[in-house]
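Remarks on the overall topology
One letter stands for each residue in the lines below.
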Amino acid sequence: MKGVGVGEKVYAALRSVGAYTPQRCVSNKELETQIDTSDEWITRRTGIKTRYFATAEQKSSDLGIEAAKVALQRAKMLPSDIDLVIVGTLAPDFIAMPSTACIIASALGIHDRPAFDISAACSGFIYLLSVAKAYIESGMAKNILIVGAEKVSSVLNPQDRGTYILFGDGAGAAIISATQDKELSILNVHISADGQYQDYLMTPRSEINKKEIMQCMSMKGNEVFKIAVHKLADEVKHILEECNMGPKDIQYFVPHQANYRIIKAVGDLLNFDSSQIVLTVDKFGNTSAASIPMAINMLYENNQLKRGSRLLLDALGGGLTWGSAILHFDGE
Ligand code: COA
């Protein structure tokens, strides 16, 4: 990896974003024909109206490659400019190896550079930001491609109405680059985890007919809901205090898009105005590590993101893992 000039104080900045949404849109009405649920129940309990599912042939890497191409093009960068590729996914192409990051890097023409995956489920994008920030501030990299690539449908049990209705597939990518301008940088990232809650949200392996191994998500929905509101509210309060900021100092609050009621509860507890809160959960459902970059991408494509726009992020996911970040957009 390339080094940065010795002795210069370097910060990490969000240079560009990109996203990819699979073509097939699945409405709540369509789910009504498959499982015992209703559009009314899903809308009222989650805020979700539609989600997108990848094809049988598409893997998480395929989604991630498309998102990464957009991020590279918007940053006006070539694959050879990238020093490191990191991918957050709960649905890697292969269980053990190769990593989804290796597959994405190679498809983009990024060779002879480090590439690895992070397993932090829905908190994946915040974990990616924290690693990218550390690599850049330590001078170990100048330009890092981070990707949340999630074919979540591949780990869903279509018979389980408690989880099947909540999730969707998608990918979001970002380029994180070195800058000397602190005002345009990633100011603070906080990540945490507690494995004592591992069985709240997991993908256990089970044997079917002593032949096939199935790996499907199981979730204690009520417990996750309660802990999410409590942990995320604490998390956001803490990171704002650390940065000596309040809700009014934030332009866009981009929470992980799991459930509208979780987002609203945290927003209300911390006195955010609804106009500050970015919502995509109605359209995409929960796309795990892709949800935050997909939401930032929506802001970008709606022309709402300007150089210097200040964002607050939060997420909680399987593990349990959670985290938050305060950062600026440093792109065009
Ligand atoms: N359609 C219709 N009814 C459903 C249903 C569905 N898809 N899923 C559950 N129900 C039923 C339950 O069986 C229960 O019926 P009962 O009262 O007759 O027993 C009733 O609805 C209430 O179930 P409950 O689990 O208490 O609902 P809830 O209000 O907690 O909503 C979740 C369920 C999953 C939407 C909610 O708990 C949640 O969003 N949790 C957090 C999940 C999450 O975000 N995970 C990812 C974190 S990254």
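Scroll up to find the structure.
Model, not experiment: these values are computed from the prediction. (Residues numbered from 1 in each chain as written. Predicted model: local features only at pLDDT ≥ 70, side-chain atom pairs only at ≥ 80, totals over all residues. Heavy atoms only, no water.)

**Some thoughts on the sheet that holds strand E5 (residues 115-118)**
Counted only if it meets this: Here, a strand pair is defined by DSSP locating no fewer than two bridges between the strands. Secondary structure follows DSSP: runs of H or I at least 4 residues long count as helices, runs of E at least 2 residues long count as strands, and numbering of each begins at the N terminus. Angles shown run from 0 to 180 degrees and are taken between the N-to-C directions of axes, each axis being a line fitted to C-alpha atoms and, for helices, limited to the stretch in contact. Only heavy atoms enter the contact rule, under which two residues are in contact if any of them lie within 4.5 Å.
Taken together, 5 strands build an open sheet; the order of strands is E1-E7-E6-E4-E5 and the sheet is mixed. Pairing within the sheet leaves two strands with one partner each, and these edge strands are strand E1 (11-20) and E5. With strand direction ignored, the average angle separating the axes of adjacent strands in the sheet is 20°. As defined by bridge partners, E1 adjoins strand E7 (residues 170-179) across 9 bridges and the pair is classed as antiparallel. Residue pairing in the sheet places Leu-14 in a bridge with Ile-176 of E7. In the packing of helix H3 (residues 60-74) onto the sheet, the strands contacted are E1, strand E6 (143-150) and E7, and the crossing angle to E1 comes to about 125°.

**Describing the packing of H3 against helix H4 (residues 100-108)**
Where we set the bar: Here roughly perpendicular refers to angles of 65 to 115 degrees, roughly parallel to angles under 35, roughly antiparallel to angles over 145, and oblique to all remaining angles. Left-handed describes a crossing whose near helix is turned anticlockwise from the far helix by less than a right angle; the clockwise case is right-handed. The residue classification treats Ala, Val, Leu, Ile, Met, Phe, Trp, Tyr, Cys and Pro as nonpolar and Asp, Glu, Lys and Arg as charged. All others, Gly included, are polar.
The N-to-C vectors of H3 and H4 enclose an angle of 50°; their axes lie 9 Å apart at closest approach. Between H3 and H4, the angle falls in the class oblique. As for the relative orientation of H3 and H4, their crossing is right-handed in sense. Together, Ser-61, Gly-64, Ile-65, Ala-68, Lys-69 and Leu-72 of H3 and Thr-100, Ile-103, Ile-104, Ala-107 and Leu-108 of H4 make up the contact between the two elements. Per-class residue counts for the contact of H3 with H4 are 7 nonpolar, 3 polar and 1 charged.

**Quick look at the packing of helix H7 (residues 221-242) against helix H8 (residues 260-269)**
Interhelical geometry of H7 versus H8 gives an angle of 35° and a closest axis separation of 9 Å. At the point where H7 passes H8, the crossing takes the right-handed sense. Seen from H7, the contacting residues are Phe-225, Ala-228, Val-229, Leu-232 and Ala-233; seen from H8, they are Arg-261, Ile-262, Ala-265, Val-266 and Leu-269.

**A closer look at the site of the ligand**
To keep it simple, the criterion reads: A cutoff of 4 Å decides nearness: a residue is near a molecule or strand if any of its heavy atoms lies inside that distance of it. N or O atoms closer than or at 3.5 Å make up a polar contact, with two conditions inside protein: a donor-capable atom paired with an acceptor-capable one, and, for residues adjacent in sequence, both atoms drawn from side chains.
Taken together, 21 residues lie around the ligand, and Thr-37, Arg-45, Arg-161, Asn-222 and Asn-259 are the ones closest in. Arg-261 is positioned with one of its side-chain polar atoms (N or O) 3.2 Å from an oxygen atom of the ligand. Its residues placed into classes, the shell around the ligand shows 9 nonpolar, 8 polar and 4 charged.

**Concerning H8**
Our working definition: Using a 1.4 Å probe on the protein chains alone, a residue whose accessible area is under 20% of its type maximum counts as buried, one over 50% counts as exposed, and one in between counts as partly exposed. What the arc measures is the spread of directions leading from the helix axis to the C-beta atoms.
Those residues of H8 lying buried are Ile-262, Ile-263, Val-266 and Gly-267. An end-on view of H8 places all buried positions within 125° of arc, on one side of the element. Its side-chain oxygen placed 2.7 Å from the backbone nitrogen of Arg-261, Asn-259 serves as the N-cap of H8. Taken from the residues just after H8, Asn-271 is the one with a positive phi, measuring 65°.

**Structural notes on the pairing of strand E14 (residues 310-317)**
Counting buried positions over the 8 residues of E14 gives 7, a clear majority of the element. Sheet topology places strand E13 (residues 252-255) next to E14; 4 bridges connect them, and they run parallel. Opposite Pro-255, over in E14, you have Asp-314 as the bridge partner. When E14 meets strand E15 (residues 321-328), the two strands line up antiparallel, connected through 8 bridges. If you follow Ala-315 over to E15, its bridge partner there is Gly-323. Where E14 hands over to E15, the hairpin turn is made up of 3 residues, of which Gly-319 adopts a positive phi near 140°.

**Observations regarding the side chain of Asp-169**
Our working definition: The sign given to each residue is positive for Lys and Arg and negative for Asp and Glu; His and the chain ends receive no count. We define a salt bridge as a contact between a side-chain nitrogen of Lys or Arg and a carboxyl oxygen of Asp or Glu at a distance within 4 Å.
Along the chain, Asp-169 falls in the loop between helix H6 (161-164) and E7. Comment: no salt bridge for buried Asp-169; closest opposite-charge side chain is Lys-151, at 6.1 Å. One polar contact links Asp-169 to Ser-153, side chain to side chain, over a distance of 2.7 Å. In this structure Asp-169 touches Pro-22, Tyr-52, Phe-53, Ala-54, Leu-63, Glu-150, Lys-151, Val-152, Ser-153 and Thr-287, once residues within four positions along its chain are discounted.

**Structural notes on the packing of aromatic side chains**
Think of a pair of aromatic rings as described by two things: how far the centres are apart, and how the planes are tilted against each other in angle. Condition: Aromatic pairing here means that ring centres of Phe, Tyr or Trp (its six-membered ring) are within 6.5 Å. Orientation follows from the plane angle: under 30 degrees is stacked, over 60 is edge-to-face, and everything else is tilted.
If you walk through the whole model with that rule in mind, you get 5 aromatic pairs. When the ring of Tyr-197 is compared with that of Tyr-200, the centres are 5.2 Å apart and the planes differ by 55°; the resulting orientation is tilted. Pair check on accessibility: Tyr-197 and Tyr-200 agree, each one buried.

**What to know about the layout of surface pockets**
Rule in force here: Put simply, the grid is 1 Å and covers the protein atoms alone, a cavity is a trapped set of points that fit a 1.4 Å probe, a pocket is an open set with protein on both sides within 12 Å along at least five of seven lines, and lining residues have an atom within 4 Å of a point. Grid points are joined across faces, edges and corners, and a volume is the space filled by probe spheres set on the points.
Roughly 1,000 Å³ of internal volume is contained in the largest pocket. Taken together, 42 residues form the lining of the largest pocket, with Leu-90, Ala-91, Pro-92, Val-155 and Thr-203 sitting closest to its centre. Contributions of two or more residues to the lining of the largest pocket are made by E5, strand E9 (201-202) and strand E11 (212-215). Approximately 610 Å³ is the volume attributed to the second largest pocket. Around the second largest pocket sit 28 residues that line it, and Gly-162, Leu-166, Met-219, Gly-221 and Asn-259 are the ones nearest its centre. Of all elements in the fold, only helix H2 (39-46), H6, H7, H8 and E14 reach the threshold of two or more residues within the lining of the second largest pocket. The dominant element in the lining of the second largest pocket, judged by the number of residues it contributes, is H7, at 6 residues. A per-class count over the lining of the second largest pocket returns 14 nonpolar, 9 polar and 5 charged.

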